[in-house]
Amino acid sequence: MSKELDQLRNRVDELNLQLLSLINERAKLVQEIGKAKETQGVYRYDPVRERKMLDQIKEHNDGPFENSTIEHVFKEIFKAGLELQEDDHRKALLVSRKKKPENTIVELKGERIGDGKPHLVFGPCAVESYEQVATVADAVRGKGLKLLRGGAFKPRTSPYDFQGLGLEGLKILKRIGDEFDLAVISEIVSPADIEVAVDYLDVIQIGARNMQNFELLKAAGAVNKPILLKRGISATIEEFINAAEYIMAQGNGQIILCERGIRTYERATRNTLDISAVPILKQETHLPVLVDVTHSTGRRDLLLPAAKAALAIGADGVMAEVHPDPAVALSDNAQQMDLKQFDEFMNELRSFAFARV
Ligand code: PEP
Ligand code: MN
């Protein structure tokens, strides 16, 4: 009897190993299917296919297991296969270094953002008039810089605050860009305006409040125009990276990330500049990373130290707000630099960065 038991057990052991090898052989096929689905741009679980497989298995089930038991066992195998596909997919986000080891470079008026040198973006919080933007554009160009920002659509906390000049603001930016030979950057808040913005802007900004506006991200991914994506106010780095993936998944790989501070319990600054996000984003993605020192600190006295920290930690550049007369600015008047402060800021930053900026 014990000899017979041993034999039966040996046979079970053999079958275990056969099952193991079959399960893994199946897993390899599932991975291949996953890759094929990825190239077609579909990753989804397919319930119709799963139902067909289960029906076919049950049709051939001669027992002794009940159909419900067999269904349960196979569903676990299917689930494990699906998880394997998802892992493979997750491991290889389009924005990840794993997918593309070399840096993405976004080229704007000869500036190659992501080339290892620091690039600077200045301009008013909001476009208020042609003269106001032109004054700042003149100062920016006077320093040999090429990148100008200015908000035409302003996402304000209060609906009663200045909302921006809208299309009129985009037109002002376009004119200034042409006249001063600058690349102009401005935020778009509605998917319907993305196509329109392409004609006026060199870079479309997606602001912190819209980082997870997925329809806006998809619309931004569908155009052939660089996108500056700001980190959401309460977004984790993973959420930020996935927001960029939304854009890239639609075919637009010209993306610049921007760390702009996150909301924490600290009230000494407007937001908390998550400086360590910069090297993490640089490691995990191939995209250029800027640091917005204005909205992260919300304090004029911290703009320069924060900008130095950003460059020291490996950011591809810095964004800061400059206004001809911040005291009467229609938004963010506490933290925009005036032209004299802008001069000092640039001199200090240039000596800190060995004139590389
Ligand atoms: C801005 O850059 O104009 C802006 C509104 O910033 P954020 O979306 O980061 O708040
Ligand atoms: Mn602002």
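Shown above is the structure to which this text applies.
For the structure given in this document, a descriptive report is provided here. Just so we're clear, the structure is a prediction, and the values are computed from it rather than from any experiment. (Residues numbered from 1 in each chain as written. Chains lettered and ligands numbered in written order. Predicted model: local features only at pLDDT ≥ 70, side-chain atom pairs only at ≥ 80, totals over all residues. Heavy atoms only, no water.)

## Let's talk about the overall build of the protein
Within the protein, the secondary structure is distributed over twelve helices and ten strands. For 357 residues, the compact-globule estimate of 2.2 N^0.38 gives 21 Å, and the C-alpha radius of gyration of the protein, at 27 Å, exceeds that figure by more than 25%. Each of the three principal axes of the protein carries a C-alpha extent, and together these read 100 × 40 × 40 Å. Burial statistics for the protein: of 357 residues in total, 45% are counted as buried. Here the analysis covers contacts within the protein between residues at least 6 apart in sequence; of these, 69% occur between residues at least 24 apart. For the protein, the exposed surface amounts to about 18,300 Å²; the carbon and sulfur share of it is 53%. Side chains of the protein give 48 positive and 54 negative charges; the mean places of these two sets differ by 2 Å. (Helix = DSSP H or I, 4+ residues; strand = E, 2+ residues; numbered from the N terminus. Rg over C-alpha atoms; globule rule 2.2 N^0.38 Å. Buried < 20%, exposed > 50% of the residue type's maximum accessible area, 1.4 Å probe, protein only. Contact = heavy atoms within 4.5 Å. Areas by Shrake-Rupley, 256 points an atom, 1.4 Å probe, with all protein chains shown as cover. Lys, Arg positive; Asp, Glu negative; His and termini not counted. Charge placed at Lys NZ, Arg CZ, Asp CG, Glu CD.)

## Section: the packing of helix 11 (residues 303–312) against helix 12 (residues 339–352)
One way to put it is that helix 11 packs onto helix 12 with a least axis distance of 10 Å and a crossing angle of 30°. By the angle between their axes, helix 11 is roughly parallel relative to helix 12. For the element pair helix 11 and helix 12, the recorded crossing hand is right-handed. Residues L303, L304, A307, K308, L311 and A312 of helix 11 lie in contact with helix 12, whose contacting residues are F345, E348, L349 and F352. Classifying every residue of the contact of helix 11 with helix 12 by side-chain character gives eight nonpolar, no polar and two charged. (Axes fitted to C-alpha atoms, helices over the stretch in contact; angles between N-to-C directions. Parallel < 35°, antiparallel > 145°, perpendicular 65-115°, else oblique. Left-handed = near helix turned anticlockwise from the far one by under 90°. Nonpolar A, V, L, I, M, F, W, Y, C, P; charged D, E, K, R; others polar.)

## Quick look at the sheet that holds strand 7 (residues 227–230)
One closed barrel holds the eight strands; their spatial order is 3-4-5-6-7-8-9-10, and the pairing between them is parallel. Pairs of neighbouring strands in the sheet enclose a mean axial angle of 25°, with direction left out of account. As paired elements, strand 4 (residues 147–149) and strand 5 (residues 183–187) share three bridges and run parallel to each other. Residue L148 lies in a different strand from strand 5, and its bridge partner there is V184. Here helix 4 (residues 130–142) sits on the sheet and contacts strand 3 (119–123) and strand 4; the angle it forms with strand 4, its principal contact strand, is near 155°. Packed on one face of the sheet, helix 9 (residues 277–284) meets strand 8 (255–259) and strand 9 (289–292) and runs near 160° to strand 9. (Pairing = 2+ DSSP bridges.)

## So, the side chain of R149
Residue placement: R149 occurs in strand 4. Judged by relative accessible area, which is 3%, R149 ranks as buried. One polar contact links the side chain of R149 to the main-chain carbonyl oxygen of P124, over a distance of 3.2 Å. Of the polar contacts made by the side chain of R149, one reaches the side chain of E321; its length is 3.3 Å. (Polar contact = N/O pair within 3.5 Å; in protein donor to acceptor, adjacent residues only side chain to side chain.)

## Considerations on the state of the cysteines
Applying the stated criterion to the full structure yields zero disulfides. Here C258 stays free of any disulfide, with the sulfur of C125 as its closest cysteine sulfur at 13 Å. (Disulfide = S-S within 2.5 Å.)

## Considerations on the coordination of the manganese ion (ligand 2)
Distances from the manganese ion (ligand 2) to its protein donors, namely C125 (SG), H295 (NE2), E321 (OE), E321 (OE) and D332 (OD), fall within the range 2.0 to 2.8 Å. Read from N- to C-terminus, the donor residues coordinating the manganese ion (ligand 2) fall into the pattern C-x169-H-x25-E-x10-D. Here the residue C125 occupies a position in the loop between strand 3 and helix 4, and E321 occupies one in strand 10 (residues 317–321), the gap between them amounting to 196 residues. By relative accessible area, C125 is classed as buried at 1%. (Donors = N, O, S within 2.8 Å, 3.2 Å for Na, K, Ca; no water.)

## Remarks on the packing of helix 4 against helix 5 (residues 167–180)
Orientation of helix 4 relative to helix 5, taken along the N-to-C sense of each, is 35°, at an axis distance of 10 Å. Of the two elements, helix 4 crosses helix 5, and the hand of that crossing is right-handed. Here Y130, V133, A134, A137, D138 and R141 of helix 4 come into contact with helix 5, specifically with I172, L173, R175, I176, E179 and F180. Considered class by class, the residues forming the contact of helix 4 with helix 5 number eight nonpolar, no polar and four charged.

## Concerning the nonpolar core
Judged by nonpolar contacts, the single largest core of 71 residues is most densely connected at F122, L148, I176, L229 and L257. V106, I113, L228 and M319 belong to the second-largest nonpolar core, a separate cluster that totals 13 residues. (Core = buried A, V, L, I, M, F, W, Y, C linked by side-chain atoms within 4.5 Å.)

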